[in-house]
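A look at the structure
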Amino acid sequence: MREPLHRLPATKLAQMIAIGEASPETVTRSYIDAIREREHEVQAFAWFDADHALAAARMLHLVSRRGHLHGLPFAVKDNIDTSEMPTGYGSTIYDGHRPDIDAICVAQLKGAGAFVLGKTVSAELANFTPGPTRNPHNPAHTPGGSSSGSAAAVAAHFTPFALGTQTAGSVIRPAAYCGVVGYKPSQGVAPRAGIKQNSDLLDEVGVFARSVEDAALAASVLAAKPAWKDLPHDGQRGASPIIGLVPTSQANAAAPSMLAALDSVYRHLVQRGARRAEVTWPRVYDGLFTAQRNVQVFETARALAPEYSYRRGQLSGRLIELIEQGRGLSIDEYQAALQLRRACIAAIDSLFGAADVIITPSAPGEAPKGIGSTGDPVFNRPWHLLGCPMMNLPVPASLGHGESGLPLGVSLVGRPGEDARLWAAAGWIENKLRVATESYVPRVAEPLAVAR
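This structure is a prediction, so every number in the text was calculated from the model and none was measured.

**With respect to the overall build of the chain**
Within the chain one finds 15 helices and 11 strands. For 452 residues, the compact-globule estimate of 2.2 N^0.38 gives 22 Å, and the C-alpha radius of gyration of the chain, at 21 Å, lies within 12% of that figure. Structurally, the chain occupies a C-alpha span of about 60 × 60 × 40 Å along its principal axes. For the chain, the residues scored as buried account for 61% of the 452 residues in total. Taking the intrachain contacts of the chain between residues at least 6 apart in sequence as the baseline, contacts between residues at least 24 apart amount to 79%. Each charge class in the chain was averaged separately, 43 positive and 42 negative side chains, and the resulting centres sit 2 Å apart.

What follows is the structure, given as structure tokens:
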């Protein structure tokens, strides 16, 4: 039986559209069918209109090919401006808000031939108070956040890829919880104009997809790096990467299943040819966990000052508390956090050593039960403050899963500015992990509770 179009890789769909084997409309109809089947339980979208999506797809069928994304739909986190549909920033303050122009990241993907399928749920003003979205693997669990809807939409096969944003762990953590690939670039690689700001230093645009190759397809456009999509993603070409393993100094915050999976993944890769690098977490880097949080809340308090001053009654108590914590920080505390960041970036080789990439937890464990919290970004904070490129890769079930059978994720982290090296390593690593997936034959029924 032929697999439905919405189950195929984005790279395959792009090829099929290019040669006329499928049209943008037939591809879009397949995604609409998937949305109609499960959106009532996943609740990934803040705004979606099937007729609007079909009209956009038909238009692309009639015009000349615009780029390598031609005819592909994509979803956009609701804190990113879109001119053709509402952008509510996850807050009732902005109900019905319609920006005049697209964010640059949206315009870039549209310029390459893609179109916006719909807007995905964001936590309140892209912070920590979650929306209604649920984890597609088990709706009783959180999908993470703040890019909750984008991660869930990709995991549920509602869209081939989606845009999110990260200020601490809002791409990497939900990608891990939902079992998809999530990529957060080095600082400043992707343009941020048109995104509701929380932190001028920390806000970054990220991509969700179901494979490294699909993520590269979109990220290459955002970063204006066409070569990224042509890097060897099959794991067969090029030298094996040099990989270090470090759970940071916060390993005690990780679940036993997470630490066991991290070790299993690393051993699996070394057994299949990865070169091992001895990596030690420098003690001075311990301060990065607090420093990142101080920078985030200090800058968020100022970015959201108008909402706090004039619409406080429409903010959640959790966000009010965060803003007030930021208002309570002194300029000296903020400057000290920035100084530590600069010192640690200057000493980055003392952490990486010979490693091309470091493997580390994406989250403390599987997605927590309940949707009242988006989870803890503790393992994302130091890398994000350093400006490192990061990518979540799902852990194959044969190498580990959470205590409830939900997905786990490991992060690949590169040196700041070395995104291309990260992409090359990620393609090799994903290929070796795919071998573990294909060779895995469970002895009992899979524990993963997939809602039907």
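Next comes the rest of the account.
**As for the confidence of the model for the chain**
On average, the chain scores 95 in pLDDT, and the residues at 70 or more come to 95%. In this model, residues 441–452 is a region of pLDDT below 50 whose contacts with residues beyond four sequence positions or in other chains number 17 contacts.

**Digging into the side chain of Thr 11**
Structurally, Thr 11 can be placed in helix H1 (residues 10–18). Judged by its relative accessible area of 14%, Thr 11 is buried. Once residues within four sequence positions are removed from consideration, Thr 11 is found in contact with Glu 213, Asp 214 and Leu 217.

**Regarding helix H2 (residues 24–42)**
Of all the bends in H2, the greatest measures close to 40 degrees and is centred on Arg 36. Just downstream of H2 lies Gln 43, where phi reads positive at about 55 degrees.

**A closer look at the environment of Ser 220**
Mapped onto the elements, Ser 220 comes out in helix H7 (residues 212–222). Distance from Ser 220 to Glu 324, taken between C-alpha atoms, is 38 Å for residues 104 residues apart in sequence. Once residues within four sequence positions are removed from consideration, Ser 220 is found in contact with His 68, Lys 225, Pro 226, Trp 228 and Lys 229.

**Comments concerning the pairing of strand S9 (residues 357–361)**
Here S9 lies mainly inside the structure; five of its five residues are buried. One ladder, built from four bridges, connects S9 with strand S11 (residues 409–413); its direction is antiparallel. Within the sheet, the bridge partner assigned to Pro 361 lies in S11 and is Val 410.

**What to know about the pattern of salt bridges**
According to the stated counting rule, one finds 15 salt bridges in the structure shown. We note a salt bridge from Asp 102 to Lys 110, for which the minimum N-O separation is 2.8 Å. Residue class for Asp 102 comes out buried when judged on its relative accessible area of 18%. One salt bridge in this structure joins Lys 196 and Glu 307, with 2.5 Å as the shortest N-O distance. Remark: Glu 307 occurs in helix H10 (residues 305–310) and Lys 196 occurs in the loop between strand S5 (181–184) and strand S6 (204–209); sequence separation between them is 111 residues. For the pair formed by Lys 196 and Glu 307, the shared burial category is buried. Linked through salt bridges whose partners overlap, the residues forming this network are Glu 25, Arg 29 and Arg 58.

What counts, and where the lines are drawn
- Residues numbered from 1 in each chain as written.
- Predicted model: local features only at pLDDT ≥ 70, side-chain atom pairs only at ≥ 80, totals over all residues.
- Heavy atoms only, no water.
- Helix = DSSP H or I, 4+ residues; strand = E, 2+ residues; numbered from the N terminus.
- Rg over C-alpha atoms; globule rule 2.2 N^0.38 Å.
- Buried < 20%, exposed > 50% of the residue type's maximum accessible area, 1.4 Å probe, protein only.
- Contact = heavy atoms within 4.5 Å.
- Lys, Arg positive; Asp, Glu negative; His and termini not counted.
- Charge placed at Lys NZ, Arg CZ, Asp CG, Glu CD.
- pLDDT = per-residue confidence, 0-100.
- Bend = angle between axes of the 7 residues up to and from the residue.
- Pairing = 2+ DSSP bridges.
- Salt bridge = Lys/Arg side-chain N within 4 Å of Asp/Glu carboxyl O.

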